[in-house]
Amino acid sequence: MQTNQENLLPFHGNVYFFPNFFGDEESRELFESLYHELHWKHKPIKIFGKEIMQPRLTAFYGDPGTSYTYSGLQQAAIPWHPALSGIKRKIETACPEPFNCVLANLYRDGQDSMGWHRDNEESLGACPTIASVSLGASRSFQMRDYATKSTRLSFELGNGSLLIMSGETQQYWEHQVPKSKPISSPRINLTFRHIMANF
Ligand SMILES: O=C(O)CCC(=O)C(=O)O
Ligand SMILES: [Fe+2]
C-alpha cells in the first residue's frame, strides 16, 4: 500500500492507523444502520475439533460467489448492503485494494471478544491487505510477535477509526480483542478483505 502514514509495526509487516477516518456523526449513523440492518448471526467455530459458540455475532457480505472459510466455518457472502459498499468506496480512497468482501463482527458488550489469531487463510494470499473499520464503543486491539509471543502493541480502536494491516503482518504477527468488563455498550468492527477466486 502506498501511503505517507507512519508504519506502526517495528518489524515484519505494516500497520497504519487513521483515528478519525469517519466523522463522529457519520460514524453514529453508520453504526445505527448496520446494527439494525445487517443479518447478525451467533455462529459456532471449531477449535481442535470441538464446536464452540463465538463470543460475538458475525455477518459476511461481499461480491456474488464469494465465500470464506475460517476455523471450520464456511460462510457464503450476502450481497453488499448499501452502507457497507459506501464505506468500502471511502476506504478505497486511502487504500486502493480490490476488496471483494467484508466480515462484520458485533461485540455486544465488553464480555464479547476475539482471541489471538492471524488472518492467514490461504484464500487471502500470502500478504493480504485488511482494512478494519470500528464503530461504537472503543475497544483495545492488541498485537504480538507470533513466534515469540512478545513485543506487544496495543491500539485503542475508537468510533470511526480505520486500521490497515498489510505486507507480512499476517505471517509474523497475531492479534486479539480482549474482553473488557467495564464496557457495557456495543461495538461493530468491519474487516474488508480480498478473497481469491477458486477457494
Ligand atoms: O474487532 C477487531 O478489531 C478485529 C477483528 C478481527 O481480527 C477479524 O475479524 O479477524
Ligand atoms: Fe483478525
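Residues numbered from 1 in each chain as written. Chains lettered and ligands numbered in written order. Predicted model: local features only at pLDDT ≥ 70, side-chain atom pairs only at ≥ 80, totals over all residues.

The name given to the protein chain in an unreviewed UniProt entry is Alpha-ketoglutarate-dependent dioxygenase AlkB, with the source organism recorded as Chitinophaga caeni. Regarding the protein chain, the relevant UniProt record gives this comment under Cofactor (unreviewed entry): "Fe(2+)". (UniProt positions renumbered as here; feature names shortened; annotations may be inferred.)

Visitor: Any chance you could explain the sheet that holds strand 12 (residues 161-166) here in plain terms?
Guide: Within a sheet, adjacent strands bond to each other through the backbone by hydrogen bonds, running parallel or antiparallel. The strand order across the open sheet built from six strands is 1-12-9-14-7-4, with neighbouring strands paired in antiparallel fashion. With partners counted over all chains shown, the strands left at the sheet margins are strand 1 (14-18) and strand 4 (57-62), one partner each. With strand direction ignored, the average angle separating the axes of adjacent strands in the sheet is 15 degrees. Together, strand 7 (101-107), strand 9 (130-136) and strand 14 (187-193) form the strand contacts of helix 1 (residues 24-37), whose direction differs from that of strand 9 by roughly 95 degrees. Sheet contacts for helix 2 (residues 82-94): strand 1, strand 4, strand 7, strand 9, strand 12 and strand 14; angle to strand 14, the most-contacted strand, approximately 60 degrees. (Pairing = 2+ DSSP bridges. Helix = DSSP H or I, 4+ residues; strand = E, 2+ residues; numbered from the N terminus. Axes fitted to C-alpha atoms, helices over the stretch in contact; angles between N-to-C directions. Contact = placed C-beta atoms within 7 Å.)

Visitor: How should the site of ligand 1 be read in this particular structure?
Guide: The environment of ligand 1 is made up of L103, N105, M114, D119, S132, F141, L157, H175, V177, N189 and T191. Of all the secondary structure elements, the ones that give two or more residues to the shell around ligand 1 are strand 7, strand 13 (173-177) and strand 14. Within the shell around ligand 1, the residues separate by chemical class into five nonpolar, five polar and one charged. (Near = placed C-beta within 6 Å. Nonpolar A, V, L, I, M, F, W, Y, C, P; charged D, E, K, R; others polar.)

Visitor: When you look at helix 1 in this model, what are you seeing that I'm missing?
Guide: Each α-helix turn comprises 3.6 residues. Residues three or four places apart therefore point the same way. Given a rise of 1.5 Å per residue, 14 residues ought to cover 20 Å, and the 20 Å separating the end C-alpha atoms of helix 1 matches this to within 8%. The complete set of buried residues in helix 1 reads S27, L30, F31 and L34. Buried residues of helix 1, seen end-on, are gathered within an arc of 105 degrees and therefore sit on one face of the element. Projecting away from the buried face of helix 1 at angles above 90 degrees are the exposed residues E25 and H36. At its buried positions, helix 1 is contacted by helix 2, strand 7, strand 9 and strand 14. (Expected span 1.5 Å × (residues − 1). Buried ≥ 20, exposed ≤ 12 C-beta atoms within 10 Å, placed from the backbone. Arc of directions from axis to C-beta.)

Visitor: Can you walk me through the UniProt feature "domain: Fe2OG dioxygenase" (unreviewed entry) in the protein chain in this structure?
Guide: On the UniProt side, "domain: Fe2OG dioxygenase" (unreviewed entry) is annotated at positions that read residues 98-196 here. Annotated as 4% helix and 48% strand, the span residues 98-196 places its first and last C-alpha atoms 10 Å apart.

Visitor: Could you clarify how one ought to interpret the sheet that holds strand 11 (residues 153-157) in this entry?
Guide: The four strands are arranged 8-13-10-11 in an open sheet whose pairing can be described as antiparallel. Of all the strands in the sheet, the pair left with one neighbour each is strand 8 (114-117) and strand 11. Ignoring which end each strand starts from, the neighbouring axes of this sheet average 15 degrees apart. For strand 10 (residues 139-145) and strand 11, the ladder comprises five bridges, and the chain directions are antiparallel.

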